[in-house]
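For reference, the chains in residue letters:
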Amino acid sequence: MNIGILTYHWCPNFGAQLQALSTVTQLKTKGIKTFTIDYRPPDTEKAYENAVTPTQRRLHDQFVEEYLNPTNRCKNSQEIAGEIKRLSLDAVIIGSDSLFNLMTNSFSVRKLKFVKPHSDNTFPNPFWGDFTQYVDLPIAALSVSSQNSPFEKFKNRKKEIAAAIRKFRYISVRDKWTSEMISFFTDKEIVPTVTPDPVFGLDDKCYEISKNSILEKYSLRNKYILLSFFGGTRYSINPNWVKDFRVLAEHNGYTCVNFPSPSGAQDIELDNNIKLPLSPLEWYFLIKYSSAYVGMLMHPIVISIHNKVPFYSFDHYGTNILGSDMKWQTRSKIQLLLSDLDIANHSSRFQPLHSIPSPNYVFEEVTKTKESDMNSWAEKMYTLCQDNFNKIIGELAR
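All values derive from a computational prediction rather than experimental measurement. (Residues numbered from 1 in each chain as written. Predicted model: local features only at pLDDT ≥ 70, side-chain atom pairs only at ≥ 80, totals over all residues. Heavy atoms only, no water.)

What follows covers the overall build of the chain. If you tally the helices and strands in the chain, you get 14 helices and 14 strands. At 21 Å, the chain has a C-alpha radius of gyration in line with the 21 Å of a compact globule built from 398 residues. Taking the principal axes of its C-alpha atoms as reference, the chain extends roughly 65 × 45 × 40 Å. Sorting the 398 residues of the chain into buried and exposed places 57% on the buried side. Of all intrachain contacts in the chain linking residues separated by at least 6 positions in sequence, the fraction that spans at least 24 positions is 75%. Accessible surface computed for the chain: about 17,700 Å², of which carbon and sulfur atoms make up 49%. (Helix = DSSP H or I, 4+ residues; strand = E, 2+ residues; numbered from the N terminus. Rg over C-alpha atoms; globule rule 2.2 N^0.38 Å. Buried < 20%, exposed > 50% of the residue type's maximum accessible area, 1.4 Å probe, protein only. Contact = heavy atoms within 4.5 Å. Areas by Shrake-Rupley, 256 points an atom, 1.4 Å probe, with all protein chains shown as cover.)

In structure tokens, the structure reads:
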């Protein structure tokens, strides 16, 4: 069976590329030949031009070529259909990532202007399967998300969106919000199951980088805690907080390490700083071999849970109203994940004017985490991830 994978595989984003790698790996272990459909909407690609340095971007491009078996480059649904025919694909899996986005023009207070959504955030687009108008084959959605899309605003297009949804043989979603969106458009005919991010199923033995080589390359001690913050006016951690946490960690035998996203990291006062450029796999194994992860972003939390690494999330996702946590708790992808595992105490809201927990509290949360709990979380998510892949393959093969 030949399957195409359609997702944000090319973005200079560690989590997005690891999602694609996990999907490819899962399918390969089940005897399926995979091709990653190299769909790059021109307007979205342009928006990422200056997101990272050229040297960092080259590592993301190399990752695609080395691990994801990309097709020829595609700009639209017609070109995707052409690649499907050329390669004689039997089916396409769409996901995982925030692919079911429905966005409208919005006013950005930060930029002081109206912002038009990119073509991949408007309906229809290839992530909604509109390439099937040019080629007939089964499609499935793998743990897709709608990134808190205001889907009620699209009720005047309900019929055509519902028609697109019904073309999928199988749909799984990453969060309750997206499940509610699908249910809304199909009048509760289709209510997708919430399923894990595919990174929970990554078999990293195929790509393993040894702990000793990671420690040696980055001059790390055996016990290290990663601290990861963006910086800037919105997502900077107080230097005094870092100082107090560092003293506490070092007193207990840990080294604190500044850990970047592809666009960099806040300049915080630590002796150890992981520098860019950094490959997605090195980024993954730096988290896997750490003693704990403390910081922002979702995929470090996913990787931590998958590898039984203690963590604490400074959660910047979701929305809030005048400091209220109501919207945050129902729309943040981290909160939705942690609530499913009943470990919401491992996270706190990270927004301006919002109080954050003390260094003592965070350190205690990561160091008191029980090994039995970590084993239970990892096993649950891995099993759910495997079940999801098995269901998708079964539906596509029938």
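On we go.
As for its position among the elements, Asp-38 is in the loop between strand 2 (33-36) and helix 2 (42-47). The spacing of Asp-38 and Cys-74 is 36 residues in sequence and 5.8 Å in space, taken between C-alpha atoms. When neighbours within four sequence positions are excluded, Asp-38 is seen to be in contact with His-9, Pro-70, Thr-71, Asn-72, Arg-73 and Cys-74.

Overall, parallel pairing links the six strands, which are arranged 2-1-3-6-7-8 in an open sheet. A strand with exactly one partner marks an edge of an open sheet, and here the two such strands are strand 2 and strand 8 (193-194). Sheet topology places strand 7 (residues 168-173) next to strand 8; two bridges connect them, and they run parallel. What sits directly across from Ser-172, in strand 8, is Thr-193. (Pairing = 2+ DSSP bridges.)

Judged by nonpolar contacts, the single largest core of 60 residues is most densely connected at Tyr-224, Phe-259, Leu-286 and Ile-305. A total of eight residues in this core trace back to one element, the largest contributor, which is helix 14 (residues 371-397). Excluding residues within four positions of it along the chain, Phe-259 makes contact with Leu-226, Leu-227, Ser-228, Phe-229, Ala-265, Ile-274, Leu-278, Trp-283, Leu-286, Ile-287 and Tyr-293. Core analysis: the second largest hydrophobic core is formed by 39 residues, Cys-11, Ala-81, Leu-89 and Val-135 among them. (Core = buried A, V, L, I, M, F, W, Y, C linked by side-chain atoms within 4.5 Å.)

Moving on, we come to helix 13 (residues 359-367). Of the residues making up helix 13, those classed as buried are Pro-359, Val-362, Phe-363, Glu-365 and Val-366. What you see down the axis of helix 13 is that its buried residues fit within an arc of 160 degrees, all on one side. Looking at the buried side of helix 13, the elements it contacts are strand 9 (224-228), helix 8 (239-251), strand 12 (292-295) and strand 13 (311-315). (Arc of directions from axis to C-beta.)

Reading across from one edge, 11-10-9-12-13-14 is the order of the six strands in this open sheet, with parallel pairing throughout. Whereas interior strands pair on both sides, the edge strands pair on one side only; in this sheet they are strand 11 (272-273) and strand 14 (347-349). The sheet contact formed by strand 10 (residues 255-258) and strand 11 spans two bridges and is parallel. Counterpart to Val-257 in the pairing with strand 11 is Asn-272. Packing of helix 12 (residues 333-340) onto the sheet brings it into contact with strand 13 and strand 14, and relative to strand 13 it is tilted by some 145 degrees. Sheet contacts for helix 13: strand 9, strand 12 and strand 13; angle to strand 13, the most-contacted strand, approximately 135 degrees. (Axes fitted to C-alpha atoms, helices over the stretch in contact; angles between N-to-C directions.)

The subject of this paragraph is the packing of aromatic side chains. Within a pair of aromatic rings, the relevant descriptors are the distance that separates the centres and the angle that separates the planes. Under the counting rule described, the total for this entry stands at 28 aromatic pairs. Pairing Trp-241 with Phe-314 gives two aromatic rings, centres 5.5 Å apart and planes at 85 degrees, and the pair type is edge-to-face. Taken together, the positions of Trp-241 in helix 8 and Phe-314 in strand 13 put the pair 73 residues apart, joining distant regions of the chain. On the basis of relative accessible area, Trp-241 is assigned to the buried category, the value being 6%. The buried category is assigned to Phe-314, whose relative accessible area is 0%. Through a chain of ring-to-ring contacts, three or more aromatic side chains come together here, namely Phe-229, Trp-241, Phe-245, Tyr-254, Tyr-312, Phe-314, Phe-350, Tyr-361 and Phe-363. Positioned above the aromatic ring of Phe-184 is the side chain of Lys-158, whose terminal nitrogen or guanidinium carbon lies 4.7 Å from the ring centre. (Phe/Tyr/Trp six-rings, centres within 6.5 Å; stacked < 30°, edge-to-face > 60°. Lys NZ or Arg CZ within 6 Å of the ring centre and 35° of its normal.)

Okay, the confidence of the model for the chain next. Per-residue confidence for the chain gives a mean pLDDT of 93; residues scoring 70 or more make up 94%. Overall, residues 321-326 carries pLDDT values under 50, and its contacts beyond four positions in sequence, including any with other chains, amount to four contacts. (pLDDT = per-residue confidence, 0-100.)

Below, the discussion takes up the packing of helix 1 (residues 14-29) against helix 14. Running from amino to carboxyl end, helix 1 crosses helix 14 at an angle of 65 degrees, the nearest separation of the two axes being 11 Å. Relative to helix 14, helix 1 is oriented so that their crossing is right-handed. Taking contact as the criterion, the partners of Thr-23, Gln-26 and Leu-27 in helix 1 are, on helix 14, Gln-386, Phe-389 and Ile-393. Grouping the amino acids of the contact of helix 1 with helix 14 by side-chain chemistry returns three nonpolar, three polar and no charged. (Left-handed = near helix turned anticlockwise from the far one by under 90°. Nonpolar A, V, L, I, M, F, W, Y, C, P; charged D, E, K, R; others polar.)

Okay, unusual backbone geometry next. Cis rather than trans, the peptide bond between Gly-95 and Ser-96 has omega equal to 0 degrees. If you trace the backbone, Ser-96 turns up in the loop between strand 3 (91-95) and strand 4 (106-108). The peptide bond linking Leu-276 to Pro-277 adopts the cis configuration, its omega dihedral lying at 5 degrees. Turning to its location among the elements, Pro-277 is positioned in the loop between strand 11 and helix 9 (280-288).

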